[in-house]
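Coordinate analysis (summary)
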Amino acid sequence: MMKVKMIEKRQNGVCLFELQNDEIKVITSNLGCHILSVFTKDRDGNYGDVVLGYQDVEDCHKDDKFLGCIIGRVANRIANGEFQLNGKTYKLAVNSGPNTLHGGINGFNQKIFNYEILENGIRFIYLSPDMEEGFPGSLYLKIVYRLSGNELKMEYEAMSDQDTLINIANHSYFNLSAKDSKIYDHQLMIKSDQIAYADENGLPTGEFLDVENTPFDFKSFHEIGERIHDDDEQLRFVGGYDHCFMLKDEKDQAVLYDKESGRKLTITTTLPCMQLYAGNFLAGGSDGKFGKPYENRDGVALEPQFLPNSMNIEKKPRVILRKGEEYEAVTTYRFETE
């Protein structure tokens, strides 16, 4: 049986919602469209929360780890906090070394969205005004979270009254053990032959590296911790995995598996890339669900998106949203056990 309901409404407009069917329970908020909890079964039928998050949703206001939120207008990094569009240079806030990260100082993760409760999910709505965080055009954004059987589906739609950029992603960190533990033993498969080369600030430069015979070859299952400490320049630059994988195939492009609990997460997306971030710098935030701050490697983020820094390195940047055109993307998370 499918149930969708508001479970809390605060005076500042922040609301919490519960989506539940016979397989999954999701707690979400209109503050940054945060996914606060995802409860799924292990192989013995016991439910556990498989995403990282905070004890209080208001801690998201000071969250620089982006736990479970929607990031945008442009996810990931933009070189030197600037880009050119239609012959004009736009300057953005620099908040990650010399670059712009995840939409700027007050990206979508900090916005309170309007909402509509649906029969099998919830729709979040936000109108981003022209030049918010330096991006041109008034952008009308709709994000829908739906449950169907053992799947959580995220649907993104947007339109703008001017040419602009868009690269929306969800930044949930997964730990399928549902315990206060590391993700080193999680097994990962990504259908990808290449990653985007990243500089010492994690910024894709326009070069691509074949994953064959490298620590980035996840074409077959490998434990995340198996090669994360290898003597590899790309791993040294960003302290582990924080790289964009160029996806191939149209479905089931990534699979995460925890052998202890038997939980398996399969991700299918219409987007062309996926950022793998192994929680290299998770330490130092607010208290998490276990009553203490998270530590490095407590969760892994798998973020479907367009190529980061696309405006500065692609000949035909896919992040450009033309006036009157509609941006659409869908990512599905399927939870199973083995």
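The preceding data block contains the structure.
Residues numbered from 1 in each chain as written. Predicted model: local features only at pLDDT ≥ 70, side-chain atom pairs only at ≥ 80, totals over all residues. Heavy atoms only, no water.

1. Some words on the environment of K142
Note the threshold: Only DSSP runs of H or I reaching four residues or more are called helices, and only runs of E reaching two or more are called strands; each is numbered from the N terminus. For every residue, the accessible area obtained with a 1.4 Å probe (protein chains only) is divided by the maximum for its type, and the residue is called buried under 20%, exposed over 50%, and partly exposed between those limits. The contact criterion used is simple: two residues touch if any of their non-hydrogen atoms lie within 4.5 Å.
By the element assignment, K142 lies in strand 13 (residues 139-148). A residue is classified by how much of its surface remains accessible, and K142, at 25% relative accessible area, is partly exposed. In this structure, the C-alpha to C-alpha distance between K142 and F124, residues 18 residues apart in sequence, is 5.7 Å. If we ignore the near neighbours within four places in the chain, the residues touching K142 are R123, F124, I125, E155, Y156 and E157.

2. Quick notes on the state of the cysteines
Keep this limit in mind: Here, a disulfide means two cysteine sulfur atoms that sit within 2.5 Å of each other.
On inspection of all chains with the given rule, the structure shows 0 disulfides. Free of any disulfide, C244 has its nearest neighbouring cysteine sulfur in C273, separated by 4.0 Å. Residue classification places C244 among the buried positions, given a relative accessible area of 2%. The exposure class assigned to C273 is buried, which follows from its relative accessible area of 0%.

3. Brief notes about the nonpolar core
Grouped burial of nonpolar side chains is what soluble globular proteins tend to show. Our working definition: To define a nonpolar core, start from buried Ala, Val, Leu, Ile, Met, Phe, Trp, Tyr and Cys residues and group those joined through side-chain atoms within 4.5 Å.
With 69 residues, the main nonpolar core has Y145, I224, Y241, L256, L276, Y327 and F335 as its most contacted residues. Ranked by residue count, the leading element in this core is strand 13, at 5 residues. Of all hydrophobic cores here, the second largest spans 15 residues; its members include L31, V57, C60 and L282.

4. Considerations on the sheet that holds strand 21 (residues 222-223)
The strands that make up a sheet pair up through hydrogen bonds in the backbone, lying either parallel or antiparallel. Our working rule: We call two strands paired when DSSP finds no fewer than two bridges between them.
Across the sheet, 9 strands lie side by side as 11-12-13-14-28-24-23-18-21; this open sheet has antiparallel pairing. Edge positions in the sheet fall to strand 11 (114-117) and strand 21, since each has one partner strand and no second. The pairing of strand 12 (residues 121-128) with strand 13 spans 8 bridges and is antiparallel. Across the sheet, residue F124 finds its bridge partner in strand 13, namely I143.

5. Considerations on the side chain of K264
Stated formally: Distance and chemistry together define a polar contact, namely a pair of N or O atoms within 3.5 Å, with one atom able to donate a hydrogen and the other to accept it when in protein, and with adjacent residues in sequence counting only for side-chain atoms on both sides.
Relative to the helices and strands, K264 resides in strand 24 (residues 263-269). With relative accessibility at 18%, the residue K264 sits in the buried group. One polar contact links K264 to E338, side chain to side chain, over a distance of 2.9 Å. Apart from residues no more than four positions distant in its own chain, K264 is found in contact with L176, V255, L256, Y257, R334, F335, E336 and E338.

Function-wise, these values are silent; they only describe arrangement.
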